[in-house]
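# Report on the structure
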Amino acid sequence: ARSITGPSAVLADVRRAVADLAAELPGEAASLCAQLARLERRMPAAPDPPSFLHGDMGTAQLLWNAGTLVVLDFDACTHGDPALDLGKLLTQLRRLALRKPGKLPPFGALRRDLFEAYGRWSKDDPSLERRVAWYERATLLRKIHGLVFDTSRHPEAEALERRRGEAIRLLCDIARDSARSS
């Protein structure tokens, strides 16, 4: 039996993450709950048929080799909506743009270029951008959870405070995006 990762499984993970975050960051609880409610209202339908997915798409899994893009590390592969892989990749790019301003083009331009490139190589999908935005928001909330709770890589107090600050900035980004798209 093949593994299928659908929007309901993603949403269940986000619910747990938001509950943890709301308890840890009470000043952000209202914003976190608003984001969760938005995800619940706008949950996309599972694709039929599901596509093969990388499952952990991010910048660390991409390598340029002699002008060819090579995708690495398929240990989390699954089946589902290709918007999930795109949402995860965009989350990584957003975080990189936040942490290292100037290293990448502006995030909006990156997002637009990614959709244009994807559109050239895939069939027309009118709801793709909306679904990607949903998975991106869900992935951002999971990343915020990781930033606040994963203390294994850099347990130093300064690093933990920096990660918490990044988590709060990402949550502010999500809230700003929500206000613009409402």
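Residues numbered from 1 in each chain as written. Predicted model: local features only at pLDDT ≥ 70, side-chain atom pairs only at ≥ 80, totals over all residues. Heavy atoms only, no water.

### Topic: the pairing of strand 3 (residues 62-65)
Here is the rule: By definition, two strands form a pair when at least two bridges between them are found by DSSP. Numbering of helices and strands runs from the N terminus; a helix is a DSSP stretch of H or I covering at least four residues, while a strand is a stretch of E covering at least two.
Here four bridges tie strand 3 to strand 4 (residues 68-71), and the two strands are oriented antiparallel to one another. Following the sheet pairing, Asn65 is matched in strand 4 by Thr68. Hairpin geometry of strand 3 and strand 4 is characterised by an intervening segment of two residues between the two adjacent antiparallel strands and by a positive phi of about 55° at Ala66.

### A short note on the nonpolar core
Using the following cut-off: To form a nonpolar core, buried Ala, Val, Leu, Ile, Met, Phe, Trp, Tyr and Cys residues must be joined to one another through side-chain atoms within 4.5 Å. Whether a residue is buried, partly exposed or exposed follows from its accessible area with a 1.4 Å probe, protein chains only, as a fraction of its type maximum: under 20%, in between, or over 50%, in that order.
Val10, Val14, Leu39, Val132, Leu141 and Ile144 are the most contacted members of the largest nonpolar core, which totals 34 residues. If you tally residues by element for this core, the top one is helix 5 (residues 128-149), at 10 residues.

### Things to note about the packing of aromatic side chains
Here is the rule: Side-chain rings of Phe, Tyr and Trp (the six-membered ring for Trp) are treated as a pair once their centres are within 6.5 Å; stacked means planes under 30 degrees apart, edge-to-face means over 60, and tilted covers the remaining angles.
Inspection of every chain in the model, using the stated rule, returns two aromatic pairs. Between Trp134 and Tyr135 the ring centres are 5.0 Å apart and the planes differ by 90°, which places this aromatic pair in the edge-to-face class. Each of the two residues, Trp134 as well as Tyr135, counts as buried.

### Description of a nonpolar patch on the surface
Inclusion rule: A residue counts toward a patch only above 30% relative accessible area and without a salt bridge, and it is joined to like-charged neighbours within 9 Å or, for Val, Leu, Ile, Met, Phe, Trp and Tyr, to nonpolar neighbours within 5 Å. Accessible surface is estimated by sampling points in the Shrake-Rupley manner with a 1.4 Å probe; for residues, cover comes only from the protein chains shown. Any carboxyl oxygen of Asp or Glu that lies within 4 Å of a side-chain nitrogen of Lys or Arg is treated as forming a salt bridge with it.
On the surface, Phe52, Trp64, Leu69, Val71 and Phe74 cluster together to form a nonpolar patch covering roughly 540 Å² of accessible area. Turning to its location among the elements, Leu69 is positioned in strand 4.

### Details of the packing of helix 2 (residues 29-41) against helix 5
Describing two packed helices takes the angle between their axes plus the distance from one axis to the other. Test applied: For every element, the axis is a line fit to its C-alpha atoms; helices are fit only across the contacting stretch, and the angle between N-to-C directions ranges from 0 to 180 degrees. Rotating anticlockwise by less than a right angle from the far helix to the near helix defines a left-handed crossing, while the corresponding clockwise rotation defines a right-handed one. Between two residues, a contact is recorded if the distance between any of their heavy atoms is within 4.5 Å. Note on residue classes: Ala, Val, Leu, Ile, Met, Phe, Trp, Tyr, Cys and Pro are nonpolar, Asp, Glu, Lys and Arg are charged, and everything else, Gly too, is polar.
Where helix 2 contacts helix 5, the axes come no closer than 10 Å and their chain directions differ by 145°. The crossing of helix 2 and helix 5 is left-handed. In contact with Leu32, Gln35, Arg38 and Leu39 of helix 2, helix 5 contributes Trp134, Arg137, Ala138 and Leu141. Residue classes in the contact of helix 2 with helix 5 are distributed as five nonpolar, one polar and two charged.

### Digging into the environment of Leu93
Secondary-structure assignment places Leu93 in helix 3 (residues 82-99). It is 20 Å that separates the C-alpha atoms of Leu93 and Arg180, two residues lying 87 residues apart in sequence. Here Leu93 is in contact with Thr59, Leu104, Phe107 and Leu110, once residues within four sequence places are set aside.

### Examining the sheet that holds strand 5 (residues 78-80)
Sheets are built from strands paired through backbone hydrogen bonds, the pairs being either parallel or antiparallel. One open sheet accounts for three strands, arranged 1-5-2; its pairing is mixed. Every other strand in the sheet has two partners, leaving strand 1 (4-5) and strand 2 (51-53) as the edge strands with one partner each. Pairing of strand 1 with strand 5, which is carried by two bridges, proceeds in the parallel orientation. Looking across to strand 5, one finds that Ile4 is bridged to His79.

### Side note on the side chain of Thr78
For clarity, the cut-off: Polar contacts, as counted here, are pairs of nitrogen or oxygen atoms within 3.5 Å of one another; within protein the pair requires one atom able to donate a hydrogen and one able to accept it, and residues that are adjacent in sequence qualify only if both atoms are side-chain atoms.
With respect to the element layout, Thr78 can be found in strand 5. A polar contact is formed between the side chain of Thr78 and the side chain of Thr5, at a distance of 2.9 Å. Ignoring anything within four residues of it in the chain, the contact list for Thr78 reads Ser3, Ile4, Thr5, Ser51, Phe52, Leu53 and Gly55.

### A look at helix 2
Defined as follows: An expected span of 1.5 Å times one less than the residue number is assigned to each helix.
Taking 1.5 Å per residue, 13 residues should reach 18 Å; helix 2 reaches 18 Å between its end C-alpha atoms and fits that length. Turning to helix 2, its buried residues number three or more, namely Ala29, Leu32, Gln35, Leu36, Arg38 and Leu39. For helix 2, the elements touching its buried residues are helix 1 (7-24), helix 5 and helix 6 (157-181).

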